[in-house]
Amino acid sequence: MEITVSKRLQSIGSYAFAEVDKEVEKLSAMGVTPIDFGVGDPTVPTPEIIRKATQEGITKRKSSGYPSYIGTAEFRQTIAQWTKKRFGVTLDPSTEISSTIGSKEGIFNFHEGFIDPGDYVIIPTPGYPPYTRGTLFAEGTPYYVPLLKENNFLIDLKSIPEAVCKRAKILWLNYPNSPTGAVAPLSYLKEAVEFGKRHNIIVASDEAYSEIYFNEPPHSILEVAKEGVIVFNSLSKRSAMTCYRIGWVAGDKKIVDVFKKVKTNIDSGTPTFIQDGAIAALSDETHVGEMRADYKLKRDLLVAAFKKINLPDCTPEATIYLWQKVPQGMSSVEFAKKLLSPDIAIVTTPGGWISDKTESGINPGEGYVRFALVPGIEDTKKAAKRIEEQLSKII
């Protein structure tokens with residue numbers, strides 16, 4: 001029997017982070033244990049307060065049956081309370097919030113509710129792969145806008161052609177930004193909302209890193225408006241809950257209604273006992289502050305090491321990533337391979353792997369490598385030492 005792969009699946013490459021895993025396997029086969037800054041999966045234990053609430057929830061929910069598609073009333077109420085406290089924004093838990101199985105599921109499937117064949121989706125590059133994958137599976141057309149240092153890694157909204165704006169249904173924003181670490185000022189978020197209203201484009205804001213910051217707390221676009229806006233957030237990075245798969249969407253009731261309809265037809269709800277753990281997570285800020293302090297220490301260790309070998313300062317304002325400029329005359333992949341030499345044994349993600357070419361043919365991720373600050377502090381100290389002592393010899 002001949003198996004034919006759909007054109008939809010053929011149109012996409014391999015998931016970038018799967019390629020990182022292959023490189024780790026190669027080093028391991030050589031008997032070298034690498035320090036893995038490749039994939040952004042926190043290695044610290046999920047805080048005890050969350051684990052305990054989840055454990056208790058298993059017994060509490062022993063006869064609860066299928067979980068709600070949109071989340072329990074208690075979980076949605078907790079999100080509303082947290083949003084009010086954190087951003088000063090009032091949300092109606094019954095109409096303006098829905099749970100998700102983590103951000104990836106929500107972001108990928110969101111396009112199915114709004115995109116018809118040929119519709120444009122405006123996507124930052126580099127950016128989170130599900131913006132593109134969800135667009136392609138919904139038979140839409142990605143329009144990539146580069147995130148450039150000279151623009152403070154903000155989408156240049158004025159650069160988007162009018163012809164694209166007329167056919168666009170969704171604009172994706174991601175601030176604090178993965179992978180650049182940039183934070184959008186409130187004035188820029190206002191500009192984005194005005195852009196969406198002017199062109200009748202939904203502004204979809206991925207705010208999964210809103211709580212990992214090192215200076216002033218970042219703004220949410222919900223502080224500007226709810227109409228025409230939807231926000232995606234997650235507990236994966238804030239509370240080291242990547243294993244739990246839980247997040248939420250919030251914003252314009254009309255948009256949330258469509259999302260709920262898509263969700264009930266495509267997947268299921270997050271297990272209710274995990275929602276119990278998420279409620280505990282959102283009710284505690286102590287563990288989040290401790291995580292921010294750890295990420296800041298690791299950030300500073302690596303930034304100092306790169307500065308000592310005369311590479312550009314890449315200090316991020318937020319997120320768990322460094323977006324390090326590579327040495328002049330060297331490609332992203334070449335630099336990543338230098339870091340993979342057995343004496344250094346550091347795994348990173350070449351910027352070109354997580355970027356797409358724009359209409360003008362440039363790949364804005366080329367010339368950078370991404371470090372996910374997920375190894376422990378001691379491993380990060382080892383990595384910083386190897387960068388200073390070994391990397392300096394080969395570049």
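Look up: the structure comes first, before these words.
Along every chain, residues carry numbers that run from 1 in the direction the sequence is written. Selection of residues for local features in this predicted model requires a pLDDT of at least 70, selection of side-chain atom pairs for listing and counting requires 80 or more, and totals for whole chains, interfaces and linings are taken over all residues. Hydrogens are left out, water is left out, and the side-chain values use all remaining heavy atoms of the structure.

Some points on the overall build of the protein chain
Each helix is a run of DSSP H or I of at least 4 residues and each strand a run of E of at least 2, with the numbering of both proceeding from the N terminus. A count of helices and strands for the protein chain gives 13 helices and 12 strands. Against the 2.2 N^0.38 benchmark of 21 Å for 395 residues, the protein chain shows a C-alpha radius of gyration of 21 Å, consistent with a compact globule. Judged by the C-alpha coordinates and their principal axes, the protein chain covers about 60 × 60 × 55 Å. For the exposure calls, accessible area comes from a 1.4 Å probe over protein chains only, and a residue counts as buried if that area is under 20% of its type's maximum, exposed if over 50%, partly exposed in between. Per-residue burial for the protein chain yields a buried fraction of 56% across its 395 residues. When contacts within the protein chain are restricted to residue pairs at least 6 apart in sequence, long-range pairs at least 24 apart make up 74% of them. A 1.4 Å probe and the Shrake-Rupley method give the accessible areas. Residues count as covered only by the protein chains that appear here. Of the roughly 17,400 Å² of accessible surface on the protein chain, 51% is carried by carbon and sulfur atoms. Based on C-alpha atoms, the radius of gyration is set beside the globule rule, defined as 2.2 Å times the residue count to the power 0.38. Any two residues having at least one pair of non-hydrogen atoms within 4.5 Å are treated as being in contact.

As for the pairing of strand β7 (residues 229-234)
The element β7 is largely enclosed, with a buried count of 6 among its 6 residues. Note: strand β6 (residues 202-206) against β7, 4 bridges, orientation parallel. In the strand pairing of β7, S205 is matched with V231. Inspection of the sheet shows β7 paired to strand β8 (residues 247-251) by 5 bridges, in the antiparallel sense. Bridged to F232 within β8 is V249. Strand pairing is defined by DSSP finding a minimum of two bridges between the two strands.

Some points on helix α11 (residues 286-308)
Each helix should span, by expectation, one fewer than its residue count multiplied by 1.5 Å. Between its first and last C-alpha, α11 extends 34 Å over 23 residues, near the 33 Å set by a 1.5 Å rise per residue. For α11, the full list of buried residues reads H287, V288, M291, R292, Y295, K298, R299, L302, V303, A305 and F306. Elements that come into contact with the buried residues of α11 comprise α3 (48-60), α10 (272-282), β9 (321-325), α12 (332-339), β12 (368-372) and α13 (377-394). The positive-phi residue at the C-terminal boundary of α11 is N310, with phi of around 65°.

Focus: the environment of L302
Along the chain, L302 falls in helix α11. Relative accessible area serves as the criterion here: at 0%, L302 is assigned to the buried category. In this view, L302 contacts F37, L322, F371, L373, T380, A383, A384 and I387; residues no more than four positions away in its chain are not counted.

With respect to the nonpolar core
Put simply, buried Ala, Val, Leu, Ile, Met, Phe, Trp, Tyr and Cys residues joined by side-chain atoms within 4.5 Å make one nonpolar core. With 53 residues, the main nonpolar core has I122, I155, I160, L171, L173 and Y175 as its most contacted residues. Contacts of Y175, omitting those with residues within four sequence positions, involve L147, F153, L154, I155, A182, V183, A184, Y188, D206 and E207. F214, V303, F335 and A336 belong to the second-largest nonpolar core, a separate cluster that totals 35 residues.

Considerations on the pairing of strand β4 (residues 141-146)
Most of β4 is tucked away: 5 of the 6 residues are buried. Note that strand β3 (residues 120-125) and β4 share 6 bridges and pair parallel. Its bridge partner lying in β4, I122 is registered against Y143.

Let's talk about the packing of α3 against α10
In the contact formed by α3 and α10, the axes pass within 7 Å of each other and the chain directions differ by 145°. Our pair here, α3 against α10, has a crossing hand that is right-handed. Contact residues: I49, I50, A53, T54, G57, I58 and K60 in α3; F273, D276, G277, A280 and A281 in α10. Orientation is described by lines fitted to C-alpha atoms, with helices fitted over the stretch in contact, and by angles between N-to-C directions that extend from 0 to 180 degrees. By definition, any crossing whose near helix is turned counterclockwise from its far helix by less than a right angle is left-handed, and any crossing with a clockwise turn is right-handed.

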